[in-house]
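Structure assessment
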Amino acid sequence: MFNKEKADVKRVPMMPVRDMVIFPEMMHPFIVGREASVRALEDALAGDKKIFLVTQHDASVDDPKPEEIYTVGTLANIVQSVKLPDGNIKVLVEGTERAKIVQVTSDEGFFRASVRLVPVKAEPGPQIEQASARVTTLFEQYVKLSQSLNYDTMIAAVRVEDPGKLSDAIAANLQIPVEEKQELLEIFEPAERLNRIADILEVEIEKLNVDRSINTRVKRQMERAQKEYYLNEKLKAIQKELGRGEANEIEQLKKKIETSGMPEGPMEKAMQELKRLEMMPPMSAESTVSRNYLDWLLAVPWKKRSKEIRDIKRAEKILSEDHYGLEKIKERILEYLAVRQLVKNPKGSILCFLGPPGVGKTSLAMSIGRATGRKFVRVSLGGVRDEAEIRGHRRTYIGALPGQIIQMMRKAGTTNPVFVLDEVDKMSMDFRGDPSAALMEVLDPELNHSFTDHYLDVEYDLSKVMFICTANVLHTIPQPLQDRMEVLRLPGYTEQEKHQIAQRFLVSRQLEATGLTKDNVQFTDEAVTYIIRHYTREAGVRNLDREIANVCRKVARKVVGEGKSFTAEINPANVNNYLGILKYRDFLAEKKNEIGLTTGLAWTEVGGEVLSIEATLMQGKGRLTLTGKLGDVMQESAQAGMSYVRSRSHLFGLPNDFYRHIDIHIHVPEGAIPKDGPSAGITLCTSIVSALTRIPVRCDIAMTGEITLRGKVLPIGGVKEKLLAAHRLGLRTIILPKDNEKDLADVPPEILAQMSIHFVESMDQVLHFALEKPLPISGHPPVGGVEPKFGADVTQDNELTN
């Protein structure tokens, strides 16, 4: 609660003041220069030395009107006045109490105001004591943070018990705008004024904390910058004394550019960038970007090239030393070298080695580099989905770099390396671009002489590079990119080739890797063949290498335990002791001719494969069920085979409506593995005919071919891989489409010599070779004939009825 004393009205001279607010109980000096203000001051000095000081709204107005002056001000005593030589008066005043204007006149050449004095005294209480303590604490923090206020002086000034005097003392020393100070002056209640001051102090303290943090950071940065500048200047002075100044560095760059062998376009670009670098401050960020760019331009080879070895006999010897077999690939490489001898500047070659894993695609490319005397570089494109990996980023990005093509050319250091793009079939694309589209320019002999990397932004000649791509499959490579490459297929190794590779390369490599000698372990030819047949099943030789390494490690352990004189001979009788139980058994072991079970040949990404197809009959309503995770094309092949059987039922000794009372279920084992393609058409059809006619299918025969509704057998792909798979599993009798006879040229002669291949054009020929006995072929539909049985043990009493 507050007690307001009776308001008193006085008439006193009034002086408008600019850019300051006078508070009660505060001493304040200022200079009076305006004519009206001087007259008001002189009138006050002639009387009781009291004057009313009030702040004007706009400090730029020299002759303010009454309405341009605030209505609340401070009645003050003039303590001292001194007239200055220039006619102005320096005056010291002390505020006594707040007053509010009632009336203003200006008849005497200055303002005279009637003011109402409203002194307010606060009654002591816990609330006002708490507010005073809070404001005092906040003001101490404010003074500590403020650099322009003296801590001791300010703290002494606010050591008063009266809340009104305390609030006015703090308000007078706050560094806040005049408008906010005027707002505090117009609050007559001390408690309310203290709360308002507390709010202002909290805001100002937060501002000062932020300013202090920023100032500290700026100061540190300035100190660091000054230190770096000082050290750089000192370094420049030292380098100048040693004759290695900045100008010398620019000259060195210029000489490097001139002797780099750049074409005219890149040379001009490099010189422009060098001029820009010369004009930049050494410590600027842009100079670092320009310097890095020049370093890259100078780092990539422009004219340096490897001296090619064009000796065909030497190249043939190296290729034979590194790889066994692969005659077609070696022949293509030797043809390339022969052309290089006849033509001075032939175009670069773009080859694609296509084959399953482990057949030696990447190692063959390395051998080509060794055989031709060129540098070898390799980039793995598996999982790459950003176009910038090929073309690089533009220099506008922070941390930009050239793409992998330019980076590998820098690593090679020559303009004619063997450049391997590994796993080109495993690239993908997303919102950042399609890297396969960027590769089209790289792999096009008509365009790659002017390849443009986004970072270098100049044309670079890739036409002398020998590009070799490797892939497991073709269907994931875009067709335009396939069109730019010469595809050489590596279908896989025969058993004989694997045997030779193991004895020539793998055994010796694993002996070296495990620290053994030929005296410690010897692999017999029979043991290697045994391992190939019973512990591996692959197109390449990686698993074979692992199994040989497994044997060598076990022998190494015995050598360590029993001494270096330990010797082991690996033969079929003791292989199990080193490698454990057999992983694969012979395909034909414990097999017999069965009804509805047919062996087919399939192609996979890792080589050829053999699969079994089963068909069985059940009582039903003519439904055809297909299981084994078959694709749409394979399901349609089964339906085509069923339609063919129904159209020729009378020739197979079946009633015309045989299908109405039975269901046929076709299953391809290993149901977790997806299967698709048309080449299983004749295999599916043979299983259906065998199940319906109850004639077993020969277990020693395998087949592949596409079927039509008319029973024609169409050609398929992957003949070499399929024949190698059949040979690997001991199948020696094969049925192939007639049109695939030309593909046998790719199959090794030693494989063909061991196989009996039947070429067929129609399904009738397939059934003739595949079934255990001839079909009961009839020229007319059977009348009252016996319908097919279903189930494993069907007797004559279980005939199906119409």
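Quick summary incoming for the structure in this document. Note that the coordinates shown come from a computational prediction; the quantities given were computed from them, not determined experimentally.

**Digging into the environment of alanine 745**
Relative to the helices and strands, alanine 745 is located in the loop between β25 (733–737) and α24 (749–753). Accessibility expressed as a relative area gives 68% for alanine 745, which makes it exposed. Sequence-wise, alanine 745 and lysine 720 are 25 residues apart; in three dimensions their C-alpha atoms are separated by 9.1 Å.

**Some details on the side chain of arginine 391**
Here arginine 391 is to be found in helix α13 (residues 388–391). Polar contacts involving the side chain of arginine 391 include one to the side chain of glutamate 441, which spans 2.9 Å. At 3.5 Å, the side chain of arginine 391 forms a polar contact with the backbone oxygen of threonine 452.

**Observations concerning the side chain of arginine 332**
Residue position: arginine 332 is located in helix α11 (residues 327–342). The buried category is assigned to arginine 332, whose relative accessible area is 18%. Among the polar contacts listed, one links the side chain of arginine 332 to the side chain of glutamate 486, at a separation of 2.7 Å.

**Structural notes on the pairing of strand β7 (residues 111–117)**
Burial analysis of β7 places six of its seven residues in the buried class, which makes it a mostly covered element. By the bridge criterion, seven bridges tie strand β2 (residues 8–17) to β7 in an arrangement that is antiparallel. In the strand pairing of β7, proline 13 is matched with arginine 112. Pairing between strand β6 (residues 89–105) and β7: six bridges, direction antiparallel. Within the sheet, the bridge partner assigned to glutamine 103 lies in β7 and is serine 114. The hairpin turn running from β6 into β7, its antiparallel successor, is five residues long, and glycine 109 in that turn takes a positive phi close to 90 degrees.

**Regarding the sheet that holds strand β9 (residues 350–354)**
Taken together, the five strands give an open sheet; going across it, the order is β10-β11-β14-β9-β15, and neighbouring strands pair in parallel fashion. Two strands close off the open sheet at either side, each with one partner strand: β10 (376–380) and β15 (486–489). Pairs of neighbouring strands in the sheet enclose a mean axial angle of 20 degrees, with direction left out of account. Pairing analysis gives four bridges linking β9 to β15, with the strands arranged parallel. Residue pairing across strands places cysteine 352 opposite valine 487, the latter belonging to β15. Relative to β10, helix α14 (residues 404–412) is tilted by about 155 degrees, and along the sheet it contacts β10 and β11 (418–422).

**Things to note about the nonpolar core**
Core analysis: the largest hydrophobic core is formed by 51 residues, its most contacted members being Phe353, Phe523 and Val555. Top contributing element to this core by residue count: helix α19 (residues 542–562), with seven residues. If sequence neighbours within four positions are ignored, valine 555 has contacts with Leu516, Asn520, Val521, Phe566, Ala568 and Tyr578. Grouped together as the second largest cluster of nonpolar side chains are 50 residues, Phe419, Met427, Phe451 and Cys469 included.

**Points about the packing of helix α2 (residues 126–145) against helix α4 (residues 163–173)**
The interhelical angle for the contact between α2 and α4, taken along N-to-C directions, is 25 degrees, at an axis separation of 11 Å. In terms of orientation, α2 and α4 fall into the roughly parallel class. Once α2 is placed against α4, the crossing between them reads as left-handed. Contacts between α2 and α4 involve Ile128, Ser132, Val135, Thr136, Phe139 and Tyr142 on the former and, on the latter, Pro163, Leu166, Ile170 and Asn173. Taken together, the residues of the contact of α2 with α4 break down into seven nonpolar, three polar and no charged.

Conventions and cut-offs
Residues numbered from 1 in each chain as written. Predicted model: local features only at pLDDT ≥ 70, side-chain atom pairs only at ≥ 80, totals over all residues. Heavy atoms only, no water. Helix = DSSP H or I, 4+ residues; strand = E, 2+ residues; numbered from the N terminus. Buried < 20%, exposed > 50% of the residue type's maximum accessible area, 1.4 Å probe, protein only. Polar contact = N/O pair within 3.5 Å; in protein donor to acceptor, adjacent residues only side chain to side chain. Pairing = 2+ DSSP bridges. Axes fitted to C-alpha atoms, helices over the stretch in contact; angles between N-to-C directions. Contact = heavy atoms within 4.5 Å. Core = buried A, V, L, I, M, F, W, Y, C linked by side-chain atoms within 4.5 Å. Parallel < 35°, antiparallel > 145°, perpendicular 65-115°, else oblique. Left-handed = near helix turned anticlockwise from the far one by under 90°. Nonpolar A, V, L, I, M, F, W, Y, C, P; charged D, E, K, R; others polar.

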